[in-house]
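Residue-level listing of the chains:
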Amino acid sequence: MIDATHAADAACWVPGAEGHPDFPIQNLPFGLFSPPNEGPRPGVAIGDAIIELTALVAAGLAQQVPADLAVVLATQPLRQSLRRQMFQLLGDDRYRPAAEPYLHAAADCALHVPVRIGDYSDFYAGIHHAVAVGKLFRPDNPLLPNYKYVPIGYHGRASSIVASGADIVRPCGQLKALDAETPVFGPSQRLDFELELGVWIGPGNAMGQPIPIANAAQHIGGYCLLNDWSARDLQAWEYQPLGPFLAKNFATTISPWIVTPEALAPFRLAQAPRPDGDPAPLPYLWDETDQASGALKLDLTVAIQTEAMRAAGLAPHVLSRSEARHLYWTPAQLVAHHASNGCNLRPGDLLGTGTISGPEDGSQGSLLELSMGGKKPVSLPNGETRAFLQDQDTLILSARACAEGYASIGFGPCVGRILPAV
Ligand code: CA
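Structure report, in brief. Just so you know, these numbers come straight off a predicted model, no measurement behind them.

1. Digging into empty space enclosed by the protein
- Summed over the entire model, instances satisfying the criterion amount to four cavities of 30 Å³ or more.
- Class assignment for the residues of the lining of the largest cavity results in seven nonpolar, three polar and no charged.

2. Digging into the coordination of the calcium ion
- All of the protein donors around the calcium ion are Asp122 (OD), Glu194 (OE), Glu196 (OE) and Asp228 (OD); their distances to the metal are 2.2 to 2.4 Å.
- Mapped onto the polypeptide sequence, the residues donating to the calcium ion form the spacing pattern D-x71-E-x1-E-x31-D. Highlighted residues: Glu194 in the loop between strand E12 (191-192) and strand E13 (195-201) and Asp228 in the loop between strand E14 (220-227) and strand E15 (230-231), separated in sequence by 34 residues.
- We classify Glu194 as buried; its relative accessible area is 4%.

3. Structural notes on a nonpolar patch on the surface
- Where nonpolar side chains cluster on the molecular surface, the patch consists of Tyr149, Val150, Leu282 and Tyr284 and spans about 320 Å² of accessible area.
- Mapping Tyr149 onto the fold places it in the loop between helix H5 (127-137) and strand E7 (153-155).

4. A few points about the sheet that holds E13
- One open sheet holds the seven strands; their spatial order is E7-E6-E21-E13-E14-E16-E8, and the pairing between them is mixed. Two strands in the sheet have a free side with no partner beyond their single neighbour: E7 and strand E8 (161-163). Strand-to-strand twist of the sheet, defined as the mean angle between neighbouring strand axes without regard to direction, takes the value 30°.
- Strand direction decides the pairing type here: E14 and strand E16 (residues 252-254), joined by two bridges, are antiparallel. Each residue of the ladder has a partner; that of Asn227, found in E16, is Thr253.

5. Some thoughts on the nonpolar core
- In this structure, Leu197, Leu225, Leu264, Leu298, Leu300 and Phe411 are the most contacted members of the largest nonpolar core, which totals 62 residues.
- Sorting elements by how many residues they give to this core places helix H10 (residues 331-339) first, with five residues.
- Apart from the residues lying within four places of it in its own chain, the contact partners of Leu298 are Leu197, Leu264, Ser322, Glu323, Ala324, Arg400, Ala401 and Phe411.
- Counting 40 residues, the second largest nonpolar core, distinct from the first, contains Ala49, Ala62, Phe87 and Trp200.

6. Re the sheet that holds strand E1 (residues 30-34)
- Strand order across the open sheet formed by five strands is E4-E3-E2-E1-E5, with antiparallel pairing between neighbours. Each edge of the open sheet is held by one strand with a lone partner, namely strand E4 (103-105) and strand E5 (110-112). Pairwise comparison of adjacent strand axes, ignoring direction, gives a mean angle of 45° for this sheet.
- Bridge count between strand E3 (residues 49-52) and E4: three bridges; the pairing is antiparallel. When the bridges of E4 are listed, Ile50 appears paired with His104.

The rules behind these values
- Residues numbered from 1 in each chain as written.
- Predicted model: local features only at pLDDT ≥ 70, side-chain atom pairs only at ≥ 80, totals over all residues.
- Heavy atoms only, no water.
- 1 Å grid on protein atoms, 1.4 Å probe; cavity = no way out; pocket = protein on both sides within 12 Å on 5 of 7 lines; lining within 4 Å.
- Points joined across faces, edges and corners; volume = space filled by probe spheres on them.
- Nonpolar A, V, L, I, M, F, W, Y, C, P; charged D, E, K, R; others polar.
- Donors = N, O, S within 2.8 Å, 3.2 Å for Na, K, Ca; no water.
- Helix = DSSP H or I, 4+ residues; strand = E, 2+ residues; numbered from the N terminus.
- Buried < 20%, exposed > 50% of the residue type's maximum accessible area, 1.4 Å probe, protein only.
- Patch = residues over 30% accessible without salt bridge, like charges linked within 9 Å, V, L, I, M, F, W, Y side chains within 5 Å.
- Areas by Shrake-Rupley, 256 points an atom, 1.4 Å probe, with all protein chains shown as cover.
- Salt bridge = Lys/Arg side-chain N within 4 Å of Asp/Glu carboxyl O.
- Pairing = 2+ DSSP bridges.
- Axes fitted to C-alpha atoms, helices over the stretch in contact; angles between N-to-C directions.
- Core = buried A, V, L, I, M, F, W, Y, C linked by side-chain atoms within 4.5 Å.
- Contact = heavy atoms within 4.5 Å.

This is how it looks when you write it as structure tokens:
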């Protein structure tokens, strides 16, 4: 899958695109954007700009792109063709005069959730997160017996998935203090983030027809960052016996650019071998090719900027650095498992991986872990502390793929700010 579009020395005439931390010409993610005072339309991110696909088509500079980007997600030849066309158009100076009028400054545009998400499911595949959270409740036996056999997940809520930049209103719900007899209703006092990857479903499967693990990677049309905002106090009271509900479904923020499997081809990794004593995955989750190259080499970062930091002109402070390789299951295993009972996945469905924490201090993907359940608030450089999120806090998730000999690419920001409860 590695070809000329991945060459580290590929040229690009768009000012500032060469060496751009997120969107050099080797990335070319697609998404849905609105220029100022105009409606949504498909585009491709390049440097600090967005090239407008429908306008390129009208000008005869690109082949027709379906208005519904779920079709692009679902059709690998279409994704590859779009990638090759944009690579040629943006890389060759001869096209500059014709194509440059269709570039928009990204900073002036609004970005949208790129497709109509039919269904969203969230997994729990970050084993260091599962262990750390389990320890808060069961110090001697943090992982439940199913964890190493079943890619644990639950069905989330698609309607409240928002694109980076949307404000998040602090949720209200039932809260029951440990020493209280009865719950009260009010604003969550333990609002948290979760650092996750999002997996966009491509073709999907017919109901009753599972996706074999050997084909599962072909059903992934792209990736994004995902912040699974979580109200820990609502969660603790409501989650038994059916699992997360209102603690999670009030908002989920995603990075709006769809980073394709094609762009990520140089950044594949072997799945980390399981520790001695762990069971092998059951055969329906085991594929040699997936094990050899099904993991992703992605550096992940979470930063916070409080209102006081913003007022003082202080840059966001990095709370956590983790890596996608810490996932216990590959994205293909999540897809195969989800469809293994015949559940139909559809183009544009979204899967969350689960919180991706690393094993060491400073790599935890949630405040629940960073503050040890709220007992040890995190210190910020300006003297503030955070056990959980305060109103006006801004959370910034980012991802970068780096590999020797290749241009690094990123996902663009996944940002949300907390507004007071209403
Ligand atoms: Ca989650």
